[in-house]
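Residues per chain are reported as follows:
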Amino acid sequence: MSAEGYILREEDLLPLSIGAAILGTGGGGNPYIGMLRARELIRAGAVVRVLPLHALPDDAYIGEVGGIGAPVVGIEKIEQGEECLRAMRAVEEAAGVQMYAVISAEIGGSNALEPIITAAQSGLPVVDGDGMGRAFPEVQMCTWFIYGAKASPAAIADEKGNVVVFRHVQDMFWLERFARDTAVAMGAAAGLAIAPMRGDFVKKVAVPGTVTQALELGRVVLDARAKRHNVVDRICGATGATLFFTGKVVDVERGMSGGFNRGTAVIEGAGEWAGSTARIAIQNENLILWIDDKPVLMVPDLIMNVDPETGEPITTEVLRFGQRVAVLGLPAHDLMKTPEAMAIVGPKAFGYPDIAFKPLALGQITA
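This section reports on the structure supplied with the text. Quick caveat, the model's predicted, so the values are computed rather than measured.

1. Some words on the overall build of the protein
For the protein, the helix and strand inventory stands at eleven helices and 17 strands. In terms of overall size, the protein behaves like a compact globule, its C-alpha atoms giving a radius of gyration of 19 Å where 367 residues would be expected to give roughly 21 Å. Viewed in the frame of its principal axes, the protein has a C-alpha envelope of about 60 × 45 × 35 Å. When the accessible surface of the protein is totalled, it reaches about 14600 Å², and 51% of it is carbon and sulfur.

Written out as structure tokens, the structure is:
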């Protein structure tokens, strides 16, 4: 990609939302709602440019924005629309700088669209990358925090016009705690902006090219549908993902605690998996996949649920009894698998100390 990047068109938003929802591993918020919000801004004349990481000046300031809360609430609670923009402006005021571009914390679900919405509202470009290469449920799970970004100033805003600024925060764990508690008080869905990051730092720690990756993945899904191809095969062929399981959802346990959706989904096997049972642990996103009580896929690698006929991503807030699902696995980016990262995003960090991370390889054979 040239340093000028490319302009995001209205026709790009649907494939982008599909691809982002697949890479979101079940979380990141409802992608359809985010796509509609971005579409209306572009239809009104907003121009959004996507910039590659290498185009960022070293001394420019990059702002991360995104939604925080529980995905299931995002379906029911309508946003005012400028939550992330107001949070970012509050950070600029507190830090005394102006942002050069915006970037996503996670290329997952609606949160892949939030920086695009903020870019459309502010006139800033969007960086082709993110802080996870997937979605994760907590603030400190971004690469920039794992590798040393400042935790403040940060700001959170809601649809009522409230803006709370965190001026002095000890570390990313305190920021997660304060931001999560404030998001719950705001109704379990709000917009968050974190401290400005220099361009030279972002170029080192961001997962590169993920906006384009999501866009191209969504195009593959739409093309497979149009040509009546096997959409799961096309997704695996385009990404190097592995098909781990297919079947029907026979039980979903889901509740909200501490500002998160938590629970499990149980899938009864079909086809070559007939007679087997899969179980997926959820904290906003899919965390661990067991097949016949054996853990076979775990964070930080990606566990992605799609409809086996259409490739439509199945996010955790819409999982329900009777759905047919194909469970795919994709290796996480290397930035998420260092010792520093594994302490923050590995199985132990999610309360599974007895599960050892077994990294997935591209196109791994599961049999």
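On we go.
2. Some points on helix α4 (residues 83-95)
Taking 1.5 Å as the rise per residue, α4 with 13 residues should run 18 Å; its terminal C-alpha atoms sit 18 Å apart, in good agreement. Those residues of α4 that sit buried are Glu83, Cys84, Leu85, Ala87, Met88, Ala90, Val91 and Glu92. Tucked inside the fold, the buried residues of α4 contact β3 (61-69), β4 (101-104), α5 (114-122), β6 (154-157), β7 (163-166) and β8 (189-193). Immediately downstream of α4, the backbone of Gly96 shows phi near 75°, a positive value.

3. As for the packing of α4 against α5
Running from amino to carboxyl end, α4 crosses α5 at an angle of 70°, the nearest separation of the two axes being 9 Å. It follows that α4 is roughly perpendicular to α5 by the angle criterion. Facing α4, whose interface residues are Cys84, Leu85, Met88 and Arg89, α5 presents Glu114, Thr118, Gln121 and Ser122.

4. Observations regarding the nonpolar core
Within the largest apolar cluster, 99 residues are counted, with the highest numbers of intra-cluster contacts made by Trp144, Phe145 and Leu175. Once residues lying within four places of it in the same chain are set aside, the contact partners of Leu175 are Val139, Phe145, Ala151, Ala154, Phe166, Val169, Arg180 and Ile194. Grouped together as the second largest cluster of nonpolar side chains are 18 residues, Ala265, Ala278, Leu289 and Leu297 included.

5. Regarding the side chain of Arg134
Among the secondary structure elements, Arg134 is positioned in the loop between β5 (126-130) and α6 (143-146). The side chain of Arg134 sits in the buried core without any salt bridge; Glu285 is the nearest counter-charge, 5.5 Å away. When neighbours within four sequence positions are excluded, Arg134 is seen to be in contact with Leu23, Thr25, Glu106, Ile107, Gly108, Glu285, Asn286, Val299, Pro300, Asp301 and Leu302.

6. Comments concerning unusual backbone geometry
Pro153 follows Ser152 through a cis peptide bond whose omega is 5°. Cis geometry is found at the peptide bond from Val299 to Pro300, where omega equals 10°. Following the sequence through the fold, Pro300 ends up in the loop between β15 (294-298) and β16 (302-306). In this structure, Asp293 is a non-glycine residue whose phi angle is positive, near 70°. One can find Asp293 in the loop between β14 (285-291) and β15. Given the relative accessible area of 64%, Asp293 is considered exposed.

7. So, the pattern of salt bridges
Counting across every chain of the model gives 15 salt bridges. Notably, a salt bridge pairs Glu40 with Arg43, separated by 3.8 Å at the nearest N-O pair. In this pair, Glu40 and Arg43 are both assigned in helix α2 (residues 31-43), three residues apart and thus about one turn of the helix distant. Assessed through its relative accessible area of 41%, Glu40 is described here as partly exposed. By relative accessible area, which is 48% here, Arg43 ends up partly exposed. Via salt bridges that share partners, Glu10, Arg39, Glu40 and Arg43 belong to a single interconnected network.

Reading the values: the criteria
- Residues numbered from 1 in each chain as written.
- Predicted model: local features only at pLDDT ≥ 70, side-chain atom pairs only at ≥ 80, totals over all residues.
- Heavy atoms only, no water.
- Helix = DSSP H or I, 4+ residues; strand = E, 2+ residues; numbered from the N terminus.
- Rg over C-alpha atoms; globule rule 2.2 N^0.38 Å.
- Areas by Shrake-Rupley, 256 points an atom, 1.4 Å probe, with all protein chains shown as cover.
- Expected span 1.5 Å × (residues − 1).
- Buried < 20%, exposed > 50% of the residue type's maximum accessible area, 1.4 Å probe, protein only.
- Contact = heavy atoms within 4.5 Å.
- Axes fitted to C-alpha atoms, helices over the stretch in contact; angles between N-to-C directions.
- Parallel < 35°, antiparallel > 145°, perpendicular 65-115°, else oblique.
- Core = buried A, V, L, I, M, F, W, Y, C linked by side-chain atoms within 4.5 Å.
- Lys, Arg positive; Asp, Glu negative; His and termini not counted.
- Salt bridge = Lys/Arg side-chain N within 4 Å of Asp/Glu carboxyl O.

What is shown is where atoms sit, not what they do.
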